[in-house]
Amino acid sequence: MAPKVLMVAEKPSIALSIASVLSGAQISTRRASTEVHEFDGMFLGSRAHYRVTSVIGHVFSVDFPAAFQDWANTNPSDLFQAPILKKESNPKAHICRHLSQEARGCSHLVLWLDCDREGENICFEVIECTGFHTNDGRRIYRARFSSVTEKDILKAMSSLVEPNRDEALAVDARQEIDLKVGVAFTRFQTSYFNGKYGNLDARVISYGPCQTPTLGFCVDRYLQIAMFKPEKFWMLHPYIMYKGYELKLEWERGRLFDADVAAMFRNRLMEDGTMRVVRVSEKLESKGRPSGLNTVNLLKVASSALGFGPQLTMQLAERLYTQGFVRINVEFESGGEQFQCIGQLVTVKGFTSIMPWLAVSEKNLPDFAEGEKIEISKVDLDEGNTSPPDYLNESELISLMEKHGIGTDASISVHINNICERNYVQVQAGRRLVPTPLGISLIRGYQCIDSDLCLPDIRSFIEHQITLVAKGQADHSMVVQHVLDQFRRKFSYFVKQIENMDALFEAQFSPLSDSGRLLSKCGKCLRYMKYISTQPPRLYCGTCEEVYYVPQKGTVKLYKELTCPLDNFELLLCIMPGPEGKSFPLCPYCYNCPPFEGIDTFFGAPKTGDSSKLGKGVGMPCFLCPHPTCPHSVIAQGVCACPECSGTLVLDPVSAPKWRLYCNMCNCLVSLPEGAHRISTTQDKCPECDSTIIEVDFNKKTTPLKDGATLHKGCILCDELLHSLVEMKHGRSFSRHGRRGRGRGKGRGGYRGRGRGNNKQQDPKMSFRDF
């Protein structure tokens, strides 16, 4: 039986190219997580059956275990020593399972990943998924190629090698260092500044060993511009008229910064009055065709010539993957000074006809004879001022990143995109990167505390250490530990000196007391709090100096000046976006400091925050509150169990005239009778299913009741009239008897949802201590 050979490429398009070349285009293709191409052919001198498939970049990414994911309960400094794990980068693609299945029955594995360190690292990810790392006699090969042409593919097949473990470990080292350093600094910065200033978007203030030096280049150029002082200079420009041409000659000295000296040279020329042709040189040159672009050069050309950003360029490139002129120089002399005039004549446009940004500009000159004297028609002494450099454009930034070893070919575009998306810089005309106040304050803060944190030198140091691992000259774990020890000390010092950065933020951004608009009363001091809408949205009590976060999405407004019976804070109404968005009340204090044990982070809560400010957790709106007497709690407003999950269907208090119920856990939505004047819950329970009886006050003109009656009470599950008028909008089914018992199990927060099940009402007090 012919052996089976599994080949794995980095992208589906490369897998197809490889299979097409090796099979002579005689392949059969089947669908899987990524396409699999099969054919028969020769392998190492014997007949074999091939399977060629691919991954879609890295199979795995590194992250912290769940125990270290909680910002509130994990000290950022602990992350430097925390364990890490690898998990699938794209779980929905099921690449790991796909590779495991395709490897069954295969005795040879050939890896066609990109020939760089990242590609080498993916090789070992593929080996892990396929199970070829076990010592069972199966063979692993590495194909090294520079392009997917037939010649290069065949050459790679004839010279297969072993994958390089050291290069893969170098990438592991970089990933672990970047994860631990970046997350530690990011969590601390974000928690410290989150909610502190009114006009500061502090959802995530990120740090990255590559991202931050990238931002540093942009801010350095900004500071050069801001601190620039113009200086006057003078340039001498004589003109001659010759054979119908008026020519402006360039001075060999360029420009002078002394007006009197420049005037002296001008007088010399005026006294001489003639220009003597010293030499005429004519040279035939050709502009060599551009070489194939590597990733970095591609990014620079796309930005400068086409106006494409790095992220878009990489996306487009992944889909594509894959003459002469005469330089004429006439030299002149007058008054002891040298001048010149340069002309260019294109003979053949060549490749520049399709790449016009590389074309040669033409300038015609008349024929000159050496020794000829020509009268000077005029001499201008032009005055000018030195100008500051312009903001960095993307092409220049990419060059700086490449020069200093910031990022890899594949990640350079990611780092630039990150500083744009996080509002550290803005892309303006000409693809120029202008730092924002936040980006400037961050870099100046690092410079004030520890300039190493934003200088490219520190990344160069890391890359040097990683290169030693790639060459097999240093131990992977020792390098990681050494670099992390350095950063841990810097982090400790940074935390102690954070007030220096805060002083810069204080000068740049508005304090909370000057921000926002008055909205609702604080339950402690009974003074009005201000609502600050910038991310993360929050309330600020200037008297108590307390911050209360509110849901990140939706519109927040005062809810009928009602107050929470637990803490006397005025309730807010949050209206989520969209025609079918939920509307629900919340108490600012309960939302930030849930009053019951077992309530964890719930609906619409910020993912970051300072635990000392936020209490046990955030995110408990009224529809999750199990308080038995509060008229806004799930006990009072809950109607029945959700048919889709363990949640409770709650009455939307402001949905009139299109009354509805929504689940407090999932997106299940139930429409109630439209046009009713009022729908409310009662304290009565249905004797059949234990759901809450609701009271409906129908519109007098459209009432379905006999004799024009408008008031009706009943259970939406068991009452024939009400059940006929309700409609499930999101969910699978909503029947009176088909889903009996659904949702009576224990819900989130340690209390049971109100709904169908046994006929005994669960006392919510039994689920909480010291209620």
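Residues numbered from 1 in each chain as written. Predicted model: local features only at pLDDT ≥ 70, side-chain atom pairs only at ≥ 80, totals over all residues. Heavy atoms only, no water.

- For the protein chain, an unreviewed UniProt entry supplies the name DNA topoisomerase 3-beta isoform X5 and the organism Nicotiana tabacum.

### Observations regarding helix α15 (residues 498-508)
In step 1: Three or more residues of α15 are buried, namely I498, M501, D502, L504 and F505. Projected onto a plane normal to the axis of α15, the buried residues spread over an arc of 155° and lie on a single side. Within α15, the exposed residues directed more than 90 degrees away from the buried face are E499, E506 and A507.
In step 2: Where α15 is buried, its residues meet α5 (165-193), α12 (437-449) and α14 (476-496). (Buried < 20%, exposed > 50% of the residue type's maximum accessible area, 1.4 Å probe, protein only. Helix = DSSP H or I, 4+ residues; strand = E, 2+ residues; numbered from the N terminus. Arc of directions from axis to C-beta. Contact = heavy atoms within 4.5 Å.)

### Observations regarding the sheet that holds strand β4 (residues 46-54)
In step 1: Spatially, β2-β3-β4-β1-β7-β8 is the arrangement adopted by the 6 strands of the open sheet, whose pairing is mixed. Lying at the two open borders of the sheet, with one neighbouring strand each, are β2 (28-30) and β8 (139-142). Here the average twist between neighbouring strands, direction ignored, is 25°.
In step 2: Relative to β4, strand β1 (residues 4-9) is paired through 6 bridges, and the arrangement is parallel. Counterpart to K4 in the pairing with β4 is H49.
In step 3: Docked against the sheet, helix α2 (residues 95-102) engages β1, β2, β3 (36-43) and β4, running at close to 170° with respect to β4.
In step 4: Running over the sheet, helix α4 (residues 150-157) touches β1, β3, β4 and β7 (108-112) and is turned about 140° from β7. (Pairing = 2+ DSSP bridges. Axes fitted to C-alpha atoms, helices over the stretch in contact; angles between N-to-C directions.)

### Quick word on the sheet that holds strand β27 (residues 583-586)
Strands pair in a sheet through their backbones, by hydrogen bonds, and they do so in one of two ways: parallel or antiparallel.
In step 1: Spatially, the 3 strands line up as an open sheet ordered β25-β26-β27, and their pairing is antiparallel. Every interior strand has two partners, whereas the edge strands, β25 (555-563) and β27, have only one. Going from strand to strand, the sheet's axes swing by 30° on average, the running direction of each strand aside.
In step 2: Sheet topology places strand β26 (residues 570-575) next to β27; 4 bridges connect them, and they run antiparallel. Residue pairing for β27: L572 is matched across the bridge by L586.

### Focus on unusual backbone geometry
Generally, phi is negative for residues other than glycine and the peptide bonds are trans, each holding for most cases.
In step 1: In this chain, A656 is followed by P657 through a cis amide linkage whose omega measures 5°.
In step 2: Secondary-structure assignment places P657 in the loop between β29 (648-651) and β30 (660-663).
In step 3: Of note, the phi angle at H94 is positive, near 55°, even though the residue is not glycine.
In step 4: Examined against the element boundaries, H94 turns out to sit in the loop between β6 (85-88) and α2.
In step 5: Classification of H94 by relative accessible area gives partly exposed; the value is 33%.

### Thoughts on the side chain of E102
In step 1: Position of E102 among the secondary structure elements: in helix α2.
In step 2: E102 gets classed as buried once you look at its relative accessible area, which sits at 5%.
In step 3: In this structure E102 touches L6, R30, V36 and R51, once residues within four positions along its chain are discounted.

### Focus: the pattern of salt bridges
In step 1: If you walk through the whole model with that rule in mind, you get 27 salt bridges.
In step 2: In this structure, E396 and R432 form a salt bridge, with 3.9 Å as the shortest nitrogen-oxygen distance. Of this pair, E396 sits in helix α10 (residues 394-403) while R432 is found in strand β20 (residues 432-435), placing the two residues 36 residues apart along the sequence.
In step 3: Judged by its relative accessible area of 33%, E396 falls in the partly exposed class.
In step 4: The exposure class of R432 is partly exposed, given its relative accessible area of 23%.
In step 5: Notably, a salt bridge pairs D450 with K490, separated by 3.0 Å at the nearest N-O pair. Of this pair, D450 sits in the loop between α12 and α13 (456-470) while K490 sits in helix α14, and the two are 40 residues apart along the sequence. (Salt bridge = Lys/Arg side-chain N within 4 Å of Asp/Glu carboxyl O.)

### Some words on the confidence of the model for the protein chain
In step 1: Of the residues in the protein chain, 84% reach a pLDDT of 70 or more, and the chain-wide mean stands at 84.
In step 2: In the predicted structure, residues 319-323 sits below a pLDDT of 50 and forms 12 contacts with residues beyond four places in sequence or in another chain.
In step 3: Confidence over residues 736-771 falls short of pLDDT 50; this stretch has 99 contacts with residues more than four positions distant or in other chains. (pLDDT = per-residue confidence, 0-100.)

### Notes on the environment of L249
In step 1: Within the element layout of this structure, L249 appears in the loop between β10 (245-248) and β11 (250-251).
In step 2: Each C-alpha atom, one on L249 and one on L236, is 8.9 Å from the other, the two residues being 13 residues apart in sequence.
In step 3: Excluding residues that lie within four positions of it along the chain, L249 makes contacts with L236, H237, P238, I240, M275, F332, F339, Q340 and C341.

### A short note on the packing of aromatic side chains
In step 1: Under the definition given, this model contains 26 aromatic pairs.
In step 2: The interplanar angle of 75° and the centroid separation of 6.1 Å between the aromatic rings of F188 and F494 together place this pair among those described as edge-to-face.
In step 3: The side chain of R138 reaches across the aromatic face of F132, ending 4.1 Å from its centre.
In step 4: Over the aromatic face of F233 sits the side chain of R255, whose NZ or CZ is 4.5 Å from the ring centroid. (Phe/Tyr/Trp six-rings, centres within 6.5 Å; stacked < 30°, edge-to-face > 60°. Lys NZ or Arg CZ within 6 Å of the ring centre and 35° of its normal.)

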